[in-house]
Amino acid sequence: MRLEEKQKKLAQLRQEISKCQKCPLAKSRSRTVPGEGDPNAQIIFIGEAPGFNEDQQGIPFCGAAGKFLDELLESIEMKRQDVFIANTLKCRPPENRDPEPEEKAACQPYLDQQIEIIGPEIIITLGKHSTETFLPGVGGITKLRAKLFRRPGIRYIFPLYHPAAALHNGNLRDTLIQDFKKIPDVLKKIKAEAKPALEKEQNLTLF
Ligand code: SF4
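Predicted model only: the values in this text are computed from it and were never measured.

### Structural notes on the pattern of salt bridges
Working step 1: In the structure shown here, the tally under the stated rule is 8 salt bridges.
Working step 2: The closest approach of N and O atoms between Arg80 and Glu36, which form a salt bridge, is 3.9 Å. Taken as a pair, Arg80 in the loop between helix H4 (64-75) and strand S3 (84-87) and Glu36 in strand S1 (residues 36-37) lie far apart in primary sequence, 44 residues in all.
Working step 3: On the basis of relative accessibility, which here comes to 28%, the residue Glu36 falls in the partly exposed class.
Working step 4: One connected set of salt bridges, linked through shared partners, spans Glu36, Asp70 and Arg80.

### Here's the deal with the confidence of the model for the protein chain
Working step 1: When pLDDT is averaged along the protein chain, the result is 92, and 93% of the positions lie at 70 or above.
Working step 2: Contacts from residues 196-202, a stretch scored under 50 in pLDDT, to residues over four places away or in other chains number 20 contacts.

### Some thoughts on the packing of aromatic side chains
The geometry of an aromatic ring pair is captured by two quantities: the separation of the ring centres and the angle between the planes.
Working step 1: Under the defined criterion, the tally for this structure stands at 1 aromatic pair.
Working step 2: When the ring of Phe45 is compared with that of Phe180, the centres are 5.6 Å apart and the planes differ by 0 degrees; the resulting orientation is stacked. Of the two residues, Phe45 sits in strand S2 (residues 43-47) while Phe180 sits in helix H9 (residues 170-180), which places them 135 residues apart along the sequence. Phe180 carries the same exposure label as Phe45, and that label is buried.
Working step 3: In this arrangement the basic side chain of Lys22 is found over the ring face of Tyr110, its NZ or CZ atom lying 4.5 Å from the centre.
Working step 4: A cation over an aromatic ring shows up here: Arg173 above the ring of Phe68, its NZ or CZ 4.4 Å from the ring centre.

Criteria and thresholds
Each chain has its residues counted from 1, running along the sequence as written. Where local features are concerned, this predicted model is filtered to residues with pLDDT of at least 70; where side-chain atom pairs are given and counted, the filter is 80 or more; whole-chain, interface and lining totals use all residues. The side-chain figures draw on all heavy atoms in the structure; neither hydrogens nor water molecules are used. In what follows, salt bridge is the name for a side-chain nitrogen of Lys or Arg lying within 4 Å of a carboxyl oxygen of Asp or Glu. In this description a helix means any DSSP run of H or I spanning at least four residues, a strand means any run of E spanning at least two, and both kinds are numbered starting from the N terminus. Exposure categories follow from relative accessible area, calculated using a 1.4 Å probe and restricted to protein chains: below 20% of the type maximum is buried, above 50% is exposed, and the middle band is partly exposed. Values of pLDDT, which run from 0 to 100, indicate the predictor's confidence residue by residue. By the convention used here, residues are in contact when the closest approach between their heavy atoms is within 4.5 Å. Stacked, tilted and edge-to-face are the three classes applied to pairs of Phe, Tyr and Trp rings, where Trp contributes its six-membered ring and a pair requires centres within 6.5 Å; stacked means planes under 30 degrees apart, edge-to-face means over 60, and tilted covers the rest. We count a charge as sitting over a ring when the NZ of a lysine or the CZ of an arginine lies within 6 Å of the ring centre and within 35 degrees of the ring normal.

And the structure:
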């Protein structure tokens, strides 16, 4: 798909999300947070849901966790404009509670469409909820982090800790910093594979 077409489709989706009433979060949100970034991004980062700052500004990862994410991107010589950043939910759950299954189900088609339009090489899930969405029943984030998974249609998934969880926990923070540094090599590895057969639904590859 050409860049102009991707931009147009993402803008249409953004417009649709801004009016969405498909789940109860429409009543409590200040603004929708559809996600943003490069329509041709090789990487989509997917977090859980907007928090207070995101809900106020309509921008994903714009609080303290977002600043940390920017630092992590800088550590691999990338900027947020080079990637696409989104969440599993486009509206903030009250008091930042966990997303409900019905809310995730209602919102999932928007994320699916974003992935289809952008066509990234890899999806990096940030934290437990996002990882469960793409790798249901495979295991917890502690077990899955920094391992590369392959799925039909989506291609590759690389789970990492959520920057918000790592922000105030020294061990998690150090782990996330080290895991993040693996991303360039993971991308290289993916590109080096010549059109891999996507034969298994969830094919764990220890990296
Ligand atoms: S969370 Fe998603 S499904 Fe629910 S109202 Fe917001 S955009 Fe719609």
